[in-house]
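Geometric and topological summary
Below, each chain spelled out in residue letters.
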Amino acid sequence: MKRWDSMRLGKTDPNYAAVGGDGQQTCTGELVRARTLTGICNDVLNPAMGAAGQLFARNVEFSTTFPDLGENELTKNRHGDRLAY
């Protein structure tokens, strides 16, 4: 699994020390047993991944997210006759 520097908790976060502070940050203990209010520690190696206030990136091609447009051959094949185009 990859660690992303941009997904580290900042020094102002109340859980900064609990995940490792300036060292290698890893979520453990109570932070992984239940979901936190801010959403930190959804990813054990990247504490800020999916947390409140973080950017959300698309992990698929834009044309795949709109199969109705029929712009992606793989999407057309996957959805078959269920699309209205």
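Source: prediction; values computed, not measured.

1. Describing the nonpolar core
Across soluble globular proteins, nonpolar side chains have a tendency to be buried as a group. The biggest cluster of nonpolar side chains holds 9 residues, and these are Met7, Leu9, Val19, Cys27, Leu31, Ile40, Cys41, Ala48 and Ala51. Each residue touching Ala48, except ones within four places of it in the same chain, is listed here: Met7, Arg8, Leu9 and Gln54.

2. Side note on the state of the cysteines
Inspection of the entire model under this criterion finds 1 disulfide. Sulfur-sulfur distance for the disulfide between Cys27 and Cys41 comes to 2.0 Å. As the torsion about the S-S bond is roughly -75 degrees, the Cys27-Cys41 disulfide counts as left-handed. Taken together, the positions of Cys27 in the segment before α1 (30-33) and Cys41 in the loop between α1 and α2 (73-79) put the pair 14 residues apart, joining distant regions of the chain.

3. Thoughts on the pattern of salt bridges
Tallying each qualifying case throughout the model produces 2 salt bridges. The partner of Asp22 in a salt bridge is Lys11, with the nearest N and O atoms 3.8 Å apart. Of this pair, Asp22 sits in the segment before α1 while Lys11 sits in the segment before α1, and the two are 11 residues apart along the sequence. You can call Asp22 exposed: its relative accessible area is 59%.

Rules and cut-offs
- Residues numbered from 1 in each chain as written.
- Predicted model: local features only at pLDDT ≥ 70, side-chain atom pairs only at ≥ 80, totals over all residues.
- Heavy atoms only, no water.
- Core = buried A, V, L, I, M, F, W, Y, C linked by side-chain atoms within 4.5 Å.
- Buried < 20%, exposed > 50% of the residue type's maximum accessible area, 1.4 Å probe, protein only.
- Contact = heavy atoms within 4.5 Å.
- Disulfide = S-S within 2.5 Å.
- Helix = DSSP H or I, 4+ residues; strand = E, 2+ residues; numbered from the N terminus.
- Salt bridge = Lys/Arg side-chain N within 4 Å of Asp/Glu carboxyl O.

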